[in-house]
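Report on the structure
Here is how the chains run, residue by residue.
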Amino acid sequence: MKLHELGHILDIEMEAGSLINTETWITGISYRSQEVKEGYLFVAIKGHQKDGHQYITQAIENGACAVIGEEENLDIPVPYFCVGNSRRALSLVSDHYYNFPTHDKIIIGVTGTNGKTTTSSLLRNILEENGFSCALFGSTKNIINGVSYTTVNTTPTLLEINRLLAGSEDEVLIIEVSSHALTQHRVDGILFDYALFTNLSHDHLDYHGSMENYFSAKKKLFSMLKKNGKAIVNTDDYWGEILADELSAQGIPAITVGENKQSDVKLERYTFEPRKLLLKDREEIIPVKPFIYGYHNMYNIAMAYGTARQIGVDMEATIRSIEQFKGVEGRFTVIFTHRGSKVAIDYAHTPDALFHCLNTVREQCDGKLIHLFGFRGDRDSTKREEMISISSELSDQYILTFDDLNSVSSEVMKNTLVEIQEKYGYHNGRVIMDRTKAIEDAVASAREKDWIVITGKGLEKYQQKYQHPVQNDEEAVLFLGSE
Ligand code: ADP
């Protein structure tokens, strides 16, 4: 891509630095000044904690040949493009730079508060096992051409997506799309063949302010469907039902999933022991023996089933893949202790997820249920009261402990936990700040038939210690690491 093309792509005039040769080739794009090399285009983004405009000089020193930003009248020695929204511009230019790598693929977007990772991973398994090579961008990993890469955020920017996809031979691309990504224009420019809505419940209200705003953010995904694109929606969910109605009013086809008898994919019945799910697809009743547990996962199965069938995977083959799916690590992973108790490790970090996870254990626990959890520093604190009340109700004992502290000191978090415990005064709860000690204590007190449920960290094998200001890498700082 040459410098002079930027004006056409962004549909604006270049400012400043006009003496530069506009035939110059752009050699890369970045919004992280320390990543910029000779000939790069630097995009200055106003972030939550830092403002990329303050790094323009550093980017130019590192070799930036042009800059995109939002501040007017900047006097800099290289061509400058002043845009209304740098994040949008980043998506736009990266699409052109990498020659639209998403355009030749079947694109599936998965959104919702809970279940994105499980649904996406299951769907990928079904597709891969049935002849479709499938890339995935998700919160636990990105997979391109069958190779896994680590992730920073649930949804990367289109720049990272395109960079990784440039060499992809995958036919299908599944993207977990967070509400942050939608409001921050991270996937602007992608047109989706299928958009999935798993559910919407209390989370991220520190960012969105209200459930209505949170829903509006999620809804944006469905305005990004291709002309013949389809939605797959869990209509047992309050917001899912609203979404399906709105889509139907706009003439957008929606495959509905739920217990309602009008659902296209109906959850007919689920029994825990033996694990058996009956799905109804139009008039046909389909028995499934899933490996994964929990009623919430039956929704994830039904969503993945509905999508795979739309893509054209044979029914029996779809069911076979569902039955073989062993789940995602850290999403209800069960470990057996030498004393005969069981430990479930789960990523539940919202009241709804906690309810489902604890309920799943409650249904099969003949002994005591000990629940261990905490609250992340710098994250939506309005959900804490509901989480603690669910835990108190569904467990026999709960232990409040540290989760990631982020920019909250251990002293402040300790006081928070103690205050919460004193305020709500649930008799079956106590505080053990040190997470390791809390786990040791729970394991030591558990006997045969007891269950210990550890929620919050999932597969993450570290705990984010106190750091103020937070020293995340610049991407997370710029792009709000709170999703
Ligand atoms: P996400 O990627 O949206 O965070 P995951 O599939 O990683 O979703 O699941 C995170 C947690 O949410 C799980 O550990 C489980 O406790 C809960 N969960 C998963 N699927 C659902 C669902 N369909 N409904 C409610 N809770 C769910």
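Note that the structure is a prediction, hence the values are computed from the model and not measured.

What counts, and at which threshold
Residues numbered from 1 in each chain as written. Predicted model: local features only at pLDDT ≥ 70, side-chain atom pairs only at ≥ 80, totals over all residues. Heavy atoms only, no water. Helix = DSSP H or I, 4+ residues; strand = E, 2+ residues; numbered from the N terminus. Rg over C-alpha atoms; globule rule 2.2 N^0.38 Å. Buried < 20%, exposed > 50% of the residue type's maximum accessible area, 1.4 Å probe, protein only. Contact = heavy atoms within 4.5 Å. Areas by Shrake-Rupley, 256 points an atom, 1.4 Å probe, with all protein chains shown as cover. Lys, Arg positive; Asp, Glu negative; His and termini not counted. Charge placed at Lys NZ, Arg CZ, Asp CG, Glu CD. Near = heavy atom within 4 Å. Polar contact = N/O pair within 3.5 Å; in protein donor to acceptor, adjacent residues only side chain to side chain. Nonpolar A, V, L, I, M, F, W, Y, C, P; charged D, E, K, R; others polar. Domains from an automatic or database assignment. Pairing = 2+ DSSP bridges. Axes fitted to C-alpha atoms, helices over the stretch in contact; angles between N-to-C directions. Disulfide = S-S within 2.5 Å. Salt bridge = Lys/Arg side-chain N within 4 Å of Asp/Glu carboxyl O. Core = buried A, V, L, I, M, F, W, Y, C linked by side-chain atoms within 4.5 Å.

**Some details on the overall build of the protein chain**
- Helix and strand counts for the protein chain stand at 16 helices and 21 strands.
- Against the 2.2 N^0.38 benchmark of 23 Å for 483 residues, the protein chain shows a C-alpha radius of gyration of 24 Å, consistent with a compact globule.
- Across its three principal axes, the protein chain shows a C-alpha extent of roughly 75 × 60 × 40 Å.
- Out of the 483 residues belonging to the protein chain, those deemed buried represent 57%.
- By sequence separation, contacts in the protein chain at least 24 residues apart represent 68% of the contacts at least 6 residues apart.
- Carbon and sulfur atoms make up 47% of the accessible area of the protein chain, which amounts to about 20,700 Å² in all.
- Computed over 49 positive and 68 negative side-chain charges, the inter-centroid distance for the protein chain is 6 Å.

**Brief notes about the site of the ligand**
- Contacts to the ligand come from 18 residues, most closely from G115, T117, T118, R331 and D346.
- G115 places a polar main-chain atom, nitrogen or oxygen, 2.8 Å from an oxygen atom of the ligand.
- Taking N199, its side chain carries an N or O atom lying 3.2 Å from a nitrogen atom of the ligand.
- In isolation the ligand exposes 550 Å². Once the protein is present, 96% of that is buried.
- At the level of secondary structure, the elements contributing two or more residues to the shell around the ligand comprise α4 (116–129), α10 (295–311) and α12 (351–362).
- The residue inventory of the shell around the ligand, partitioned by class, reads 3 nonpolar, 10 polar and 5 charged.
- Residues lining the shell around the ligand come from more than one domain, with at least three contributed by each of domain 2 (106–324) and domain 3 (333–481).

**Some details on the domain arrangement of the protein chain**
- The assigned domain composition of the protein chain is domain 1 (5–97), domain 2 (106–324) and domain 3 (333–481).
- Distance from the C-alpha centre of domain 1 to the C-alpha centre of domain 3: 43 Å.

**Here's the deal with the sheet that holds strand β13 (residues 265–271)**
- As summarised here, the arrangement of the 11 strands in space is β8-β7-β6-β9-β5-β10-β11-β12-β13-β14-β15, forming an open sheet in which the pairing is mixed. Each having just a single partner strand, β8 (147–149) and β15 (284–288) make up the two edges of the open sheet. Adjacent strand axes in the sheet meet at a mean angle of 20°, parallel and antiparallel pairs treated alike.
- As paired strands, strand β10 (residues 192–197) and strand β11 (residues 225–234) are joined by 5 bridges and run parallel to one another.

**A word on the pairing of β13**
- Pairing of strand β12 (residues 254–258) with β13 involves 2 bridges; the strand directions are parallel. Bridge pairing in β13 places V257 opposite V265.
- Examined bridge by bridge, β13 and strand β14 (residues 276–281) share 6 bridges and lie antiparallel to one another. Within the sheet, the bridge partner assigned to K266 lies in β14 and is K280.
- Counted along the chain from β13 to the antiparallel partner β14, the turn is 4 residues long.

**So, the environment of L10**
- Within the secondary structure layout, L10 lies in helix α1 (residues 5–10).
- Residues L10 and Y305 lie 295 residues apart in sequence; the distance between their C-alpha atoms is 40 Å.
- Those residues in contact with L10, other than ones at most four positions away along the chain, are I68, F81, V83, A89, L92 and V93.

**Looking at the sheet that holds strand β4 (residues 80–82)**
- As summarised here, the arrangement of the 4 strands in space is β1-β2-β3-β4, forming an open sheet in which the pairing is parallel. Every interior strand has two partners, whereas the edge strands, β1 (28–30) and β4, have only one. Across the sheet, the mean angle separating the axes of adjacent strands is 15° when strand polarity is ignored.
- Where β1 meets strand β2 (residues 40–43), 3 bridges bridge the pair, whose relative direction is parallel. Across the sheet, residue S30 finds its bridge partner in β2, namely F42.
- Across the face of the sheet, helix α3 (residues 86–97) comes into contact with β1, β2 and β3 (66–69) while running at roughly 160° to β1.

**What about the state of the cysteines?**
- Enumeration over the complete set of coordinates arrives at 0 disulfides.
- With no disulfide of its own, C365 lies closest to C357 among cysteine sulfurs, the gap being 12 Å.
- By relative accessible area, C365 is classed as buried at 9%.

**Structural notes on the pairing of β11**
- Where β11 lies against β12, 4 bridges are found, and the strand directions are parallel. Directly across from A231, in β12, lies its bridge partner A254.

**Observations regarding the pattern of salt bridges**
- Inspection of every chain in the model, using the stated rule, returns 23 salt bridges.
- Residues D403 and R376 are paired through a salt bridge, measuring 3.1 Å at the closest nitrogen-oxygen approach. In this pair, D403 is assigned in the loop between β19 (397–400) and α14 (410–424) and R376 in the loop between β18 (369–373) and α13 (384–394), connecting sequence segments 27 residues apart. Note on accessibility: D403 and R376 belong to one class, buried.
- E460 is the partner of R376 in a salt bridge, and the nearest nitrogen-oxygen pair spans 3.1 Å. Taken as a pair, R376 in the loop between β18 and α13 and E460 in the loop between β21 (451–455) and α16 (474–478) lie far apart in primary sequence, 84 residues in all.
- Of the residues examined, R376 reaches a relative accessible area of 18% and is grouped as buried.
- One connected set of salt bridges, linked through shared partners, spans R376, D403, D404, K457 and E460.

**A short note on the environment of D352**
- Tracing the chain through its elements places D352 in helix α12.
- The class of D352 is partly exposed, set by a relative accessible area of 26%.
- Residues D352 and T113, spaced 239 residues apart in sequence, show a C-alpha to C-alpha distance of 9.1 Å.
- When residues no more than four places from it in sequence are discounted, the contact partners of D352 are N114 and S201.

**Describing the nonpolar core**
- In terms of nonpolar packing, the biggest core is built from 42 residues, with I108, L127, I174, L277, L279, Y305 and I322 touching the most fellow members.
- Ranked by the residues each element gives to this core, the list is headed by α10, at 9 residues.
- Formed by 33 residues, the second largest nonpolar core is a distinct cluster that contains I107, A181, L182 and V187.

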